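Topology and contacts: notes
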Amino acid sequence: MARDDTTDDEGAATDGDPSAGRSDGLRARFDRWVATRPTLGATLLTLGSAVLGWRVLAQLSAVPLGRITPVGVAGATAPFVAVVLGLFVLARPEKTRNAGGVGFGLVGFTFAGLLLSGVPFAHPELAFTGFVIGGIGAVICLAWDHDSTVRIERGPVFRAGRAALVCGLVLALAFTAAPAVSGDTFPAQSDTLDGFVVSQSSLDSGMYSYQTDCDTDPGFAIGGEDCIDITVDSTSQENIDRAARQQLDSTSVADVDINDFLIYENLFTDLRGGKNVYFELTASQAVASSETDDGRAIDVYISEFRSEKLTARLDLIEFPGTPGIPADNIAYWSCTPQNDSGFGTINDIRLGLDTNPRLTDGRDVSLLAHQLGSSETVLTDFKLEIGAELGNNTGVREPIPADDGPTTPPSNCL
Amino acid sequence: MYDTKRLASGVGVLLTLWALVGLLILSTGVGVSIPLSSTGGFNVSADYLTASEATVVPAKTKIVTPSVLFEVERSYIRDLNLQKTLNVSDVPGLTGRLQIQIRSEEATAEGVAFKTDRITAQTATWRGFVLDERTGPKIFDRFKAYAGPNPNQAPNTNDPLQIEGSDPGAIRPSDGDPAFELRGAKITTSTLSADQLQLSDLSLRVRYDFNNDGEFEYGA
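Residues numbered from 1 in each chain as written. Chains lettered and ligands numbered in written order. Predicted model: local features only at pLDDT ≥ 70, side-chain atom pairs only at ≥ 80, totals over all residues. Heavy atoms only, no water.

1. Concerning the overall build of chain B
Which entries qualify depends on this criterion: Helix and strand labels come from DSSP, where a helix needs a run of H or I of at least four residues and a strand needs a run of E of at least two; each type is numbered from the N terminus. Working definition: with a 1.4 Å probe on protein chains only, accessible area under 20% of the residue-type maximum means buried, over 50% means exposed, and in between means partly exposed. In what follows, a contact means two residues having at least one pair of non-hydrogen atoms within 4.5 Å. In this description, accessible areas are obtained by the Shrake-Rupley approach with a 1.4 Å probe, and a residue is regarded as covered only by the protein chains that are shown.
Check the secondary structure of chain B and you find one helix and eight strands. Scanning chain B from its N terminus toward the C terminus, one meets helices and strands in the order α-β-β-β-β-β-β-β-β. Relative to its full complement of 220 residues, chain B shows a buried share of 42%. Within chain B, contacts between residues separated by at least 24 positions form 69% of all contacts whose residues are at least 6 apart in sequence. Accessible surface for chain B amounts to roughly 11,200 Å². Of this, 54% is attributable to carbon and sulfur atoms.

Dropping the structure here:
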């Protein structure tokens, strides 16, 4: 219906006060358009549903496509239908009530689906914010009475209340969405990237080196220690070409010494209707040593690597307990290291120094690994567990968040 | 404009829904809780346990709970304690719990296979340990861990790991180093089988806790 009201008797602006006296301008026409439909409700419904849709897609990205059931597809479609409904309300305000009612149901259905799906979802607080915003938007749409001639005065209290509601919701969305947008977690597991996560809160080792699958022909390598031609397979793909090999050696100066050692893998399965089965191995301390000539203690194929701190030290005197000279410090970065030669050590990654320094003061070092071999390893407070759970409290390992902000990764990262 | 009654009832429904979701999350932490760990089974504890070689793969129990299947070639166990606690409250005329314990000071076993969902130990030592992730149609094919020789003789990648298992280890500590060694081990198992088992200084005892207070009033 057309809204011809402009001002009330006392001259206060009303809902039917679109132009406030400037009836022909673009702004006036926009105001008139806004006033004849539940703009706030439709916007909030669209925004909330879009947030839920984003979280649903993020959740499903962790599941191989073939494992998504028709119910899962329906659940994934629902928030996008709600987004369309929000836009539909703007185009056809006379259908607002029906659209609001259906939108309310879809928002609720999506959030319930996220909780009950059995697949872990990161940032549940963000999904809840989407549910709150979408719910408020849907209720405002539901309450919209297109045919009503009752006018509600837009006094200062109404305006302040509406502004507080919008600001509050936007702030809640900004605070909850920031961690999800920053991507500041490890690893980025998806259907094309499986692997088991190896997490170490502290790491010291006699020596650290790596080899990558780089472009140089291994046949031309001098000394046989340059590029390697590797393909590692993983739980859902036979060939991961973005792989590197990390080696930790024990020397006469130091063994490989890890504190708060954790290995876990999420194995999605049809067991009991599609739960996530997790395999977990933990120890408060792990010490790996080797008596072979090369001192190789741990040999691991990885596709992702992150460390919040690593210090390379050069030993002038090889004697246990000597501190060594700090050669390089690596603050947090996440990458698969690689350089042209395909072979390097901890300080070779950034500085290009071809030395074999000790690795000390490693903090929050995480690997996305595919094969791991270790020589003699003593694990204290050992625990091996396999289980399944529906929620994300105990059953599913969350990605490991980083405490510090990332610094720029070296240019030779893959 | 807005129908205030409808707005009020809508807000009411919304607040109720949020409260329900909040209660659900606060009370359980998850949307739905289904018991997924095996409730049956029995507990094995040992002061010292070795394996000459061992493989570990994901498996499932008969009641379809996830577990890992441990297969051990040869094993030596000191201070073995096998314990099963039964709730007999459902039996007419009985209350409380009944516990059966089998103890042995020394045991050697060959061809041991057991399914477990949890192993803890004060220390665990591996010599030549490999974790290997593979592509496979079932989850049970996708993850393999072994100590000792590579069970499939297959390379992990087309560029084999430099550490690829080890030779079979010793069983008794006096004979050398075992491939896998646990001290202060506690294992929750659902099934346990062995081709050959030798137990020395064996004792069997049954204890009964009639009032379910955690203290076994009857029995040795």
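2. Some details on the packing of aromatic side chains
When we look at a pair of aromatic rings, we describe it by the centre distance and by the angle of the planes. Counted only if it meets this: Ring pairs shown here join Phe, Tyr and Trp side chains whose ring centres sit within 6.5 Å, with only the six-membered ring taken for Trp; geometry is labelled stacked below 30 degrees between planes, edge-to-face above 60, and tilted in between.
Going through the model one piece at a time under the given rule, you end up with 14 aromatic pairs over all chains. Measuring from centroid to centroid gives 6.3 Å for Phe30 of chain A and Trp33 of chain A, while their planes differ by 20 degrees, and the two rings are stacked. Taken as a pair, Phe30 of chain A and Trp33 of chain A lie in helix α1 (residues 26–35) at a separation of three residues, close to a single helical turn. What makes Phe30 of chain A partly exposed here is its relative accessible area of 48%. When its relative accessible area of 36% is taken as the criterion, Trp33 of chain A is described as partly exposed. With 5.8 Å between their ring centres and 90 degrees between their planes, Phe196 of chain A and Phe143 of chain B make a pair best called edge-to-face. One end of the pair, Phe196 of chain A, is in strand β2 (residues 196–205); the other, Phe143 of chain B, is in strand β6 (residues 143–147), on a second chain. Accessibility classification places Phe196 of chain A together with Phe143 of chain B in one group, the buried group.

3. Some remarks on the pattern of salt bridges
Operational definition: Any carboxyl oxygen of Asp or Glu that lies within 4 Å of a side-chain nitrogen of Lys or Arg is treated as forming a salt bridge with it.
This model, assessed by the stated rule, comprises 13 salt bridges over all chains. The residue Glu94 of chain A makes a salt bridge to Arg92 of chain A at a minimum N-O spacing of 2.8 Å. Overall, Glu94 of chain A belongs to the partly exposed group, its relative accessible area being 44%. The residue Arg183 of chain B makes a salt bridge to Glu181 of chain B at a minimum N-O spacing of 3.4 Å. Each of Glu376 of chain A together with Arg127, Asp177, Glu181 and Arg183 of chain B takes part in one network of salt bridges that share partners.

4. Focus: α1 of chain A
Defined as follows: An arc is given here, and it is the one of the directions from the helix axis to the C-beta atoms.
Among the residues making up α1 of chain A, those that are buried are Ala28, Asp31 and Ala35 of chain A. Down the axis, α1 of chain A shows its buried residues gathered within 60 degrees of arc, on one side only.

5. Considerations on the side chain of Ser75 of chain B
Residues and elements named next belong to chain B. Of note, Ser75 is situated in strand β3 (residues 66–87). Taking relative accessible area as the criterion, Ser75 reaches 6% and is therefore assigned buried. Once residues within four sequence positions are removed from consideration, Ser75 is found in contact with Leu49, Thr50, Ala107, Thr108, Ala109 and Ile171.

6. Considerations on the pairing of strand β5 (residues 129–133) of chain B
The cut-off we apply is this: A pair of strands is labelled paired if DSSP reports no fewer than 2 bridges between them.
Within β5 of chain B, five of the five residues are buried, which leaves it mostly tucked inside the rest of the structure. Burial of β5 of chain B is two-sided: the residues Phe129, Leu131 and Glu133 of chain B facing one way and the residues Val130 and Asp132 of chain B facing the other way are all buried. Pairing analysis gives four bridges linking strand β10 (residues 358–374) of chain A to β5 of chain B, with the strands arranged antiparallel. The residue bridging Gly373 of chain A from the neighbouring strand is Val130 of chain B, located in β5 of chain B.

7. What about helix α5 (residues 124–143) of chain A?
Rules: A helix is expected to reach a length of 1.5 Å times the quantity of its residues less one.
In this model α5 of chain A runs 29 Å from its N-terminal to its C-terminal C-alpha over 20 residues, within 8% of the 28 Å that 1.5 Å per residue would give. Judged by how many residues are buried, α5 of chain A sits mostly within the fold: 17 of 20 residues are covered.

8. A word on the nonpolar core
Where we set the bar: We define the nonpolar core as a collection of buried residues of types Ala, Val, Leu, Ile, Met, Phe, Trp, Tyr and Cys that are connected through side-chain atoms lying within 4.5 Å of one another. For each domain, the first and last residues come from an automatic or database assignment.
In terms of nonpolar packing, the biggest core is built from 63 residues, with Phe261, Leu281, Leu379 and Phe382 of chain A together with Phe70 and Leu182 of chain B touching the most fellow members. Counting residues per element, this core draws most heavily on strand β4 (residues 97–126) of chain B, at eight residues. Inspection of this core shows a minimum of three residues originating in each of domain 2 (192–214 + 228–250) and domain 3 (267–317 + 325–413) of chain A. Among all residues touching Phe382 of chain A, those that are not within four sequence positions of it are Leu281 and Thr282 of chain A together with Ile119, Thr120, Ala121, Gln122, Ala124, Trp126 and Leu182 of chain B. The next biggest cluster of nonpolar side chains, apart from the first, holds 29 residues, and it includes Val56, Val107, Val139 and Ala143 of chain A.

9. So, the packing of helix α2 (residues 39–60) of chain A against helix α3 (residues 70–91) of chain A
All names here are of chain A. Using the following cut-off: All axes here are fitted lines through C-alpha atoms, helices being fitted over the stretch that makes contact, and every angle between N-to-C directions spans 0 to 180 degrees. By definition in this entry, angles of less than 35 degrees are roughly parallel, angles greater than 145 are roughly antiparallel, angles of 65 to 115 are roughly perpendicular, and the rest are oblique. By convention the crossing between two helices is left-handed if the near helix lies anticlockwise of the far one by an angle smaller than a right angle, and right-handed if it lies clockwise. The residue classification treats Ala, Val, Leu, Ile, Met, Phe, Trp, Tyr, Cys and Pro as nonpolar and Asp, Glu, Lys and Arg as charged. All others, Gly included, are polar.
Orientation of α2 relative to α3, taken along the N-to-C sense of each, is 160 degrees, at an axis distance of 8 Å. One finds that α2 runs roughly antiparallel with respect to α3. Crossing of α2 against α3: the hand is left-handed. Contacts from Thr39, Ala42, Leu45, Thr46, Ser49, Ala50, Leu52, Gly53, Val56, Leu57 and Leu60 in α2 reach Gly75, Ala76, Pro79, Phe80, Ala82, Val83, Gly86, Leu87, Val89 and Leu90 in α3. Residue composition of the contact of α2 with α3, by class: 15 nonpolar, six polar and no charged.

10. Digging into the UniProt feature "transmembrane region" (unreviewed entry) in chain A
Residue and element names in this part refer to chain A. The condition is simple: UniProt positions are given in the numbering used here, feature names are shortened, and annotations may be inferred rather than shown by experiment.
The UniProt entry lists residues 39–57, 69–90, 102–120, 126–144 and 164–182 under the feature "transmembrane region" (unreviewed entry), expressed in the numbering used here. As annotated, residues 69–90 has a helix share of 95% and a strand share of 0%, and its two end C-alpha atoms lie 33 Å apart. Counted over residues 126–144, helix gives 95% and strand 0%. Its end C-alpha atoms are 27 Å apart.

11. Looking at empty space enclosed by the protein
Rolled over the atoms, a probe sized like a water molecule indicates the empty space that remains. Just so we agree on the cut-off: The distinction between a cavity and a pocket rests on a 1 Å grid over the protein atoms alone: a 1.4 Å probe fits inside a cavity but cannot get out, while a pocket stays open yet meets protein on both sides within 12 Å along at least five of seven lines, and a residue with an atom within 4 Å of a point counts as lining. Grid points are joined across faces, edges and corners, and a volume is the space filled by probe spheres set on the points.
The tally for this structure, following the rule as stated, stands at two cavities of 30 Å³ or more. When its volume is computed, the largest cavity comes out at roughly 220 Å³. In this structure, the largest cavity is lined by 23 residues; those nearest its centre are Val198, Ile258, Phe261, Ile298 and Leu372 of chain A. Listing elements by their share of the lining of the largest cavity, those giving two or more residues are β2, β4 (244–249), β5 (256–268), β6 (276–289), β7 (296–314), β10 and β11 (376–389) of chain A. Grouping the constituent residues of the lining of the largest cavity by class yields 19 nonpolar, four polar and no charged. One number sums up the size of the second largest cavity: a volume of about 30 Å³. Around the second largest cavity, the lining residues are Ala54, Val56, Phe70, Trp126, Ala145, Tyr146, Ala147 and Phe180 of chain B. Of all the secondary structure elements, the ones that give two or more residues to the lining of the second largest cavity are β2 (54–60) and β6 of chain B.

12. Looking at the environment of Ala124 of chain B
Mapping Ala124 of chain B onto the fold places it in strand β4. Ala124 of chain B gets classed as buried once you look at its relative accessible area, which sits at 0%. Separated by 60 residues in sequence, Ala124 of chain B and Gly184 of chain B place their C-alpha atoms 9.0 Å apart. Residue contacts for Ala124 of chain B: discarding those within four places in its chain leaves Thr377, Val378, Leu379 and Phe382 of chain A together with Glu181 and Leu182 of chain B.

13. Focus: the packing of α2 of chain A against α5 of chain A
Residue and element names in this part refer to chain A. Running from N to C, α2 and α5 cross one another at 150 degrees; their axes reach a closest spacing of 7 Å. In terms of axis orientation, α2 runs roughly antiparallel to α5. Both α2 and α5 take part in a crossing whose hand is left-handed. Across the interface between the two elements, Leu40, Gly41, Ala42, Leu44, Leu45, Leu47, Gly48, Val51, Leu52, Trp54 and Arg55 of α2 pack against Leu126, Ala127, Gly130, Phe131, Ile133, Gly134, Ile136, Gly137, Ala138, Ile140 and Cys141 of α5. Taken together, the residues that form the contact of α2 with α5 break down as 16 nonpolar, five polar and one charged.

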